[in-house]
Amino acid sequence: MKYTNPFISENPWNYSWCYSAMPLTKKRSPDGQSEEQGRYLQANSREFNTVFAYPNNTIKTSKYNILSFLPLNLFEQFQRLANAYFLALLVLQLIPQISSLTWYTTVVPLVVVLTITAVKDAIDDLKRHQNDNQVNNRPVLILKNGRVECNKWMNIHVGDIIKLQNNQPVPVSTSFDFDLFSFFGLSGKTFSTFAATAFGDRPHCIWRPMAHVADILLLSSSEPGSLTYVETADLDGETNLKVKQAISVTSDMEDNMLLLSAFDGEVKCEIPNNKLDRFVGILMYKGKSYSLGHDKLILRGCIIRNTDWCYGLVIFTGPDTKLMQNSGKYTFKRTNTDHLVNVFVLWIVVLLVCMCSVLAAGHYIWELKTGYYFQDFLPWSKYVTSPAVSATLIFWSYFIILNTMVPISLYVSVEVIRLGNSCFINWDQKMYYAPKDMPAEARTTTLNEELGQITYVFSDKTGTLTQNIMIFKKCSINGVSYGNVFDRKGEKVDISEKTEKVNFSYNKLADPKFSFYDNTLVEAVKHGNQQVHLFFRSLSLCHTVMSEEKVEGELVYQAQSPDEGSLVTAARNFGFVFHSRTSETITVVEMGEPRVYQLLAILDFNAVRKRMSVIVRTPDDRVVLFCKGADTIICQLLHPSCRYLQDVTMDHLDDFATEGLRTLMVAYRELDSAFFQAWREKHSEACLSSENRERKIAIIYEEIEKDLTLLGATAIEDKLQDGVPETIATLEKAKIKIWVLTGDKQETAVNIAYACNLFEDNMDEVFIMEGQDFETIRQELRSARHKMKLDPTLESYLLTSKPKPFFRILEEVPNGNFGMVINGYSLAYALEGNLEVELIQTACLCKGVIFCRMTPLQKAQVVELVKRYKKVVTLAIGDGANDVGMIKAAHIGVGISGQEGMQAMLSSDYAISQFRYLQRLLLIHGRWSYIRMCKFFNYFFYKNFAFTLVHVWYSYFSGFSAQPVYDTWFITFYNMIYTSLPVLGLSLFDQIALKTTYWTMLTHFFIWSSLAIYFCISFFLYSDGLCLLFPSNFQFLGVARNTLKLPQMWLTLFLTVLLCILPVIGYHFLKPLLWPIGVDKVIERIHRCMRQPQLLLIQPKQKRPTCRRSAYAFSHQHGFGALITSSKTVKSPLYAKRVFSFQK
């Protein structure tokens, strides 16, 4: 008898009322483009679907091709203020009446800058072409002409029927394939593929499970009832399986090619949108209409699990898929340094205009008082009729001669420095992850110094902080704690790689990947300890895991949550192997002997119950209820006789929780047959009730889940990536705030927050925001802010009106240590009106913030919210496609090449393989890049002002005639050659430790090489041969050798250097004494501690009962209980025979 509702009930109805709600017409959007109002398509009919001009499945992120590259790139480059300025300057130099310098002094630097930038942009775009082709050319199986053909992703169209397979491998090339053909707008093979074909080699590939190519309507599958199990980690960050089911009218087609090819159903559905949990549509087939919901749609980014194959009808492709709708738009990211440089350039231009005006006025006065009467010796030109005309022309002459105040080489030097720092990131051996053969990668060269200014880090949880691996670490059974390792002296030792593992060779069905170190538990199992056996029997029966045995003896478990999979695997290794299940039985191999339990009922878990139970009839005809769940819930259901055992187990749970382990309790109850029969009748009535069904079922569950006998507790490690707690602690010391934005459920996210030190047990309070309406959320936020700190001025401002766009929230210090947790449903209200300001104000006062159950779009909205109201630099880090939106929205996007695909990495600015490398990326590469860039700007502007202002000084001795004091070749080479090497050496190789900097061998090389190059070029330019060959261009014969012979020149050089460095030395000596900053105080404290070492007092760790954090039992949705008991997972007769033969 079934005790649950049917999994899915569907009936064909007349849905004509929906047609008016989803019109097929298109209206014009404000930008003039047609806007889709409802989607209408027909299966296996490209001709019909082409009329609606739906986008294809091609992904295009590149910007140029061979025809558009030159004009488009030049147009983009001349949008830079400096490039446009020098172009205008070049035009002025072509006017002989005002030009005092030759044209090549501007043309040569400008051409060099444009060429270097163009080459860099071309290389970046070639990378984008390569990534586009890698995605667009992935293989997919499409149904055509009655058979399945292998085609490419980009050739999929709306209305096609495609075949998806379980864990289908996809080649992802790791070689750097410059696709020159696509860059030129042509078709052809990539260069690496061509080379492989020509030289008989094959490109190096990585194989991984394929994420689906489009949003498809499930038609049929290999599983009973056309069920399909999917993993949605790329969409919502959850690794637990979800179930999709095809409608019955199409599930009967199975894999019949004739029926699938003849299928001509018509689908009418909603327009493309970003709502991952919503889909409304209608299938019209053979004169009947069938409703379509979210449970029938498999989204792009999902991965098929535990399903051999399935067929689907393509509904949305390319940019219309829900995954791409959540990805957000890419905006060009510019650093604060770029904005600052532009401001400097504008002010320098203003200063230049002022200086030219003063010098022109000086020329006017000089001509009026002296030059007018001196025309016999210095006659005016024909076009000069008065001192005013001469002063006007001199203004433009000085504008040309003083142009080095705005150095064109500044931008090319910045690009070279950024490129060099990017290479340092790529070459950093300490950020290289050997297991995956993956180094860090700077995917952009324009944001390096921004890494050193990060204030907020937004991190995904699943796959970013964690490894998606649950490990059974410890347990407590009948008051005995297992899992610790002791030496011969009885002292506890830490577990390491050298620790000897438990030998499970006695169990042929044990999982070889499972590791456990406490032999006492194995000995208890071998000696037949009844309580230990009952404990593991409970774990092998109380779950909703699906098993698969493709090869005899090799079991594969597919669990709805990784916690369940870990517990069932632990029971398997200790001798209680869950082998298979049907809708009515569970087969368990106990210590080598198969035993079949009759499944009477599954009391499934949800977020309210926080537990699950199964009722089974044992082979010896006893009815037993096994239950597991949160300790806070199970303790209330225990029999009073378990009080002492409960207290002991609670102490063990405290020990487990202080280690960051996720815990749950296990209990059982033996039921009387008559009592169970009466309860079963009540349960059947509650299931058939039409009113308050869920409430009545919950009451019935509570009637039987009481007076339980405690068996023990489990402790699972949600395995963090290596070094995550240490990294977060270090970043917090650097005043960097970390917010976790995850699609996972709240309890799981909070567990991880405690495990990785984002939350601490000694926090003053962790605020839980779970209001279901606008006003409740407002009160929760204000209550939390009052406890932390309240600014009355801000409070009164918030109550008046919505803040203006330029409103900035000032940094405040809370009066304690706080954390905050908010879910996606409550966040939707918090982002409305002026409540978003209260949200950001409250969250910024917390040490750590957890946003859970979030959609990808909400992740991007939170990042934008901080950018809007806080004048800070933000960084987003994630590894899945659901993180792409926030990676694009943040100032810096970091992608982790994890287990959820490559989408995040391909959309990121920097790619790393482990979260712990973020510490080195920010605090080493980011800090050094920022400090080096600041020193570069100081040095660069200083040397150019010193060079240019000599002309101003010389004008007082030349009648303000705009005559250059330098040779034209010296002006040309000053920034390009003479002073380029020292500044590049400083900006690339300066070693920084606190405030101390020192020269490396490379610094010495650049400094002395620069001087040597100067003297060599000087001797060459003023040589006899060059002056004789080109007398008009090289007029200073022998100047270099004659000048360098004078001792006065060397004395002047020495005194000049000495006078220039004395103020700097004096400033650095007096500043720590008179105006100390934080670094100075740190250095002084280090010196003081070295003189007087302090004794470190080690305080014992205190147990905190409040720190217990339950695992598993908190799924946001119901489990597979209804599905299991609905008989829809029953395998084929062949499978049943195989299980029966095993039992024999």
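Rules of the game
Residues numbered from 1 in each chain as written. Predicted model: local features only at pLDDT ≥ 70, side-chain atom pairs only at ≥ 80, totals over all residues. Heavy atoms only, no water. UniProt positions renumbered as here; feature names shortened; annotations may be inferred. Helix = DSSP H or I, 4+ residues; strand = E, 2+ residues; numbered from the N terminus. Buried < 20%, exposed > 50% of the residue type's maximum accessible area, 1.4 Å probe, protein only. Pairing = 2+ DSSP bridges. Salt bridge = Lys/Arg side-chain N within 4 Å of Asp/Glu carboxyl O. Axes fitted to C-alpha atoms, helices over the stretch in contact; angles between N-to-C directions. Core = buried A, V, L, I, M, F, W, Y, C linked by side-chain atoms within 4.5 Å.

The name an unreviewed UniProt entry gives the chain is Phospholipid-transporting ATPase, with Erinaceus europaeus as the organism. According to the UniProt record, the Sequence similarities (unreviewed entry) comment for the chain is "Belongs to the cation transport ATPase (P-type) (TC 3.A.3) family. Type IV subfamily." The record held by UniProt for the chain lists under Cofactor (unreviewed entry) the comment "Mg(2+)".

Further remarks concern the UniProt feature "transmembrane region" (unreviewed entry) in the chain. Under the present numbering, the feature "transmembrane region" (unreviewed entry) in UniProt falls on residues 101–119, 340–366, 386–412, 936–957, 969–989, 1001–1022 and 1049–1070. In the segment residues 1001–1022, helix accounts for 95% and strand for 0%; the C-alpha atoms at its two ends are 32 Å apart.

Across the 5 residues of strand β10 (residues 227–231), 5 count as buried, placing the element largely inside the fold. As judged from the 5 bridges shared by β10 and strand β11 (residues 241–245), these two strands associate in the antiparallel manner. Looking across to β11, one finds that Val230 is bridged to Lys242. Bridge analysis of β10 against strand β16 (residues 303–305) gives 3 bridges, and the strand direction is antiparallel.

For strand β36 (residues 848–852), the tally of buried residues reaches 5 of 5 residues, placing the bulk of the element in the interior. As paired strands, strand β33 (residues 737–741) and β36 are joined by 4 bridges and run parallel to one another. Opposite Leu741, over in β36, you have Phe851 as the bridge partner. Alignment of strand β35 (residues 818–823) against β36, held across 5 bridges, turns out to be parallel. Its bridge partner being in β36, Asn823 is matched across the sheet by Cys852.

The subject of this paragraph is the pattern of salt bridges. Applying the stated rule across the entire model yields 32 salt bridges. Between Glu149 and Arg147 there is a salt bridge whose closest N-O contact spans 3.2 Å. The partner of Arg782 in a salt bridge is Glu838, and the shortest N-O contact between them spans 3.0 Å. With Arg782 in helix α24 (residues 774–788) and Glu838 in helix α27 (residues 835–843), the pair connects residues that are 56 residues apart, well separated along the chain. Given a relative accessible area of 0%, Glu838 falls into the buried group. Salt bridges linked by common partners bring Glu775, Arg778, Arg782, Arg785 and Glu838 together as one network.

What follows is about the sheet that holds strand β13 (residues 281–285). One key point about sheets: their strands pair by backbone hydrogen bonds, in either a parallel or an antiparallel sense. Read from one edge to the other, the open sheet built from 4 strands follows the order β3-β12-β13-β14, with strand pairing classed as antiparallel. Each edge of the open sheet carries a strand with a single partner, namely β3 (39–42) and β14 (288–292). Averaged over all pairs of adjacent strands, the angle between their axes in this sheet comes to 20 degrees, without regard to strand direction.

With antiparallel pairing, the 6 strands of this open sheet are ordered in space as β5-β4-β6-β17-β9-β15. Looking along the sheet, the strands with just one partner apiece sit at the ends: β5 (147–152) and β15 (297–298). One ladder, built from 6 bridges, connects strand β9 (residues 215–221) with strand β17 (residues 309–316); its direction is antiparallel. Looking at the pairing, Leu217 lines up with Leu313 of β17.

Of all hydrophobic cores here, the largest spans 53 residues; its most connected members are Ile162, Phe263, Val267, Leu283, Ile298, Leu313 and Ile315. In terms of residue count, β17 provides more of this core than any other element does, 7 residues in total. Phe516, Phe535, Cys542 and Phe576 belong to the second largest nonpolar core, which has 51 residues in total.

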